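One letter stands for each residue in the lines below.
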Amino acid sequence: TVAKRLEKFKTTIFTQMSMLAVKHGAINLGQGFPNFDGPDFVKEAAIEAIKAGKNQYARGYGVPELNSAVAERFLKDSGLQIDPDKEVTVTSGCTEAIAATILGLINPGDEVILFAPFYDSYEATLSMAGANVKAITLRPPDFAVPLEELKAAVSKNTRAIMINTPHNPTGKMFTREELEFIADLCKENDVLLFADEVYDKLAFEADHISMASIPGMYERTVTMNSLGKTFSLTGWKIGWAIAPPHLTWGVRQAHSFLTFATSTPMQSAAAAALRAPDSYFEELKRDYGAKKALLVDGLKAAGFIVYPSSGTYFVMVDHTPFGFDNDIEFCEYLIREVGVVAIPPSVFYLNPEDGKNLVRFTFCKDDDTLRAAVDRMKAKLRKK
Ligand code: GLN
């Protein structure tokens, strides 16, 4: 049995696909988790913190050293000076930051606008909050924001717009023009902005732009981020929400009753991670740039129509050259007959039809794994 607020949701597609990968011994380019480990200096910092006895409940909204490290990083990345004790809330991964933001700031009946395809937890958490979800579809090849459509969607009931840049699953990065257009809509209609920026360090073509740094937006924006993608430590589940004090209050009230606090020693290590030298972030981007090229070239050679990915560790492709009716059927064939797992993105739309021609692959895997997956696809996939 399941409560009404979660009735329409299935087992997450990430769980489903990772289970199928194990069952069929297929190469997993589905769920976005690296198959290589995070950096030693961060793992050492966690071990040291445990040995040093940092093992009891943390301060609810984050251990002071991590709140400070988050604020320092935000200043470096976006130019905004924030108060680590009043404007940063540490959560159990960005998924909890999303939940705390939505549950802490959205009332039943409020309307929230998403961009489809959207990360699955947004819709489920909005449903838990009793919100009405509207979605604006980003369409290939460039997944640009349909500005007039967005403008027309904003109503007097709109409480928030939620963006994700760089964008999972498309690899799109919102342009400055798009961000400014959305910002103007928020200001004119007194709408909040929730920005999931977990892939901000994986911006390949242009610099990442934080919505909070657009003039007049900081006071109405909650910026969410995490450790997992940047440090290849997705299992640590350390995230945070940055917001002005009046919004942080709501986020913290929800966080207090969702998890109260998150793992103390891991927070300590996260602070060490965020203080990594610039070279760490440069190397990360260089390594992922090479992996992206390897996968993109392979997917093209295998016969897919590949859409440009300028950020994240995902790439979206069109599978229709192979003659399947939809993404689910194609992904089932890919697992069973080819031995490769990808994500069918139709689950990330209010109207699944909008995503039926698409498939998402991740390149957060070691080069041998990427090559093996590409070889299998080149050998087995045939154009119709
Ligand atoms: N963010 C990861 C992805 O998009 C997966 C997260 C999850 O499994 N819930 O693949």
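Preceding block: the structure.
This is a predicted model, so every value here is computed, not measured. (Residues numbered from 1 in each chain as written. Predicted model: local features only at pLDDT ≥ 70, side-chain atom pairs only at ≥ 80, totals over all residues. Heavy atoms only, no water.)

Caption draft 1: Just the site of the ligand, in detail. Taken together, Phe14, Gln31, Gly32, Tyr119, Asn168, Tyr199, Lys229, Phe314 and Arg360 make up the full set of residues near the ligand. Contacts to the ligand include Asn168, whose side-chain N or O atom sits 2.9 Å from an oxygen atom. Arg360 is positioned with one of its side-chain polar atoms (N or O) 2.7 Å from an oxygen atom of the ligand. Coverage of the ligand by the protein chains reaches 81% of its 300 Å² of free accessible surface. The residue makeup of the shell around the ligand, split by class, is 4 nonpolar, 3 polar and 2 charged. (Near = heavy atom within 4 Å. Polar contact = N/O pair within 3.5 Å; in protein donor to acceptor, adjacent residues only side chain to side chain. Areas by Shrake-Rupley, 256 points an atom, 1.4 Å probe, with all protein chains shown as cover. Nonpolar A, V, L, I, M, F, W, Y, C, P; charged D, E, K, R; others polar.)

Caption draft 2: Region of interest: the packing of aromatic side chains. Across all of its chains, the model carries 23 aromatic pairs by this definition. Residues Phe304 and Phe322 carry aromatic rings whose centres are separated by 4.9 Å and whose planes lie at 75 degrees to one another, so their mutual orientation is edge-to-face. One end of the pair, Phe304, is in the loop between helix H11 (278-302) and strand E9 (305-306); the other, Phe322, is in the loop between strand E10 (314-318) and helix H12 (327-338), and 18 residues separate them in sequence. With respect to burial, Phe304 and Phe322 carry one shared label: buried. An angle of 45 degrees between the planes, with centres 4.9 Å apart, marks the rings of Phe324 and Tyr333 as tilted. Taking the ring centre of Phe324 as reference, the NZ or CZ of Lys384 above it sits at 5.7 Å. (Phe/Tyr/Trp six-rings, centres within 6.5 Å; stacked < 30°, edge-to-face > 60°. Helix = DSSP H or I, 4+ residues; strand = E, 2+ residues; numbered from the N terminus. Buried < 20%, exposed > 50% of the residue type's maximum accessible area, 1.4 Å probe, protein only. Lys NZ or Arg CZ within 6 Å of the ring centre and 35° of its normal.)

Caption draft 3: Examining the nonpolar core more closely. By size, the foremost hydrophobic cluster in this structure holds 129 residues, and its most contacted members are Phe304, Phe361 and Met377. Element by element, the count of residues in this core is highest for H11, at 9 residues. Filtering out sequence-adjacent residues up to four positions away, Phe304 remains in contact with Leu299, Val317, Asp318, His319, Phe322, Phe330, Phe361, Met377 and Leu381. (Core = buried A, V, L, I, M, F, W, Y, C linked by side-chain atoms within 4.5 Å. Contact = heavy atoms within 4.5 Å.)

Caption draft 4: Inspection of helix H1 (residues 13-24) at higher detail. Its 12 residues give H1 an end-to-end C-alpha distance of 16 Å, which sits within 8% of 16 Å, the value for a rise of 1.5 Å per residue. Each element contacted by the buried residues of H1 is listed here: strand E1 (27-28), helix H6 (120-128), H12, strand E11 (340-341) and strand E12 (358-362). In the segment just after H1, Gly25 is the residue with positive phi, at about 60 degrees. (Expected span 1.5 Å × (residues − 1).)

Caption draft 5: Spotlight on the pairing of E12. With respect to burial, E12 is a largely interior element, 5 of its 5 residues being buried. The side-chain alternation of E12 yields two buried faces, one formed by Leu358, Arg360 and Thr362 and the other by Val359 and Phe361. Relative to E12, E10 runs antiparallel, the two being bridged by 5 bridges. Paired with Val315 across the strands is Phe361, a residue of E12. (Pairing = 2+ DSSP bridges.)

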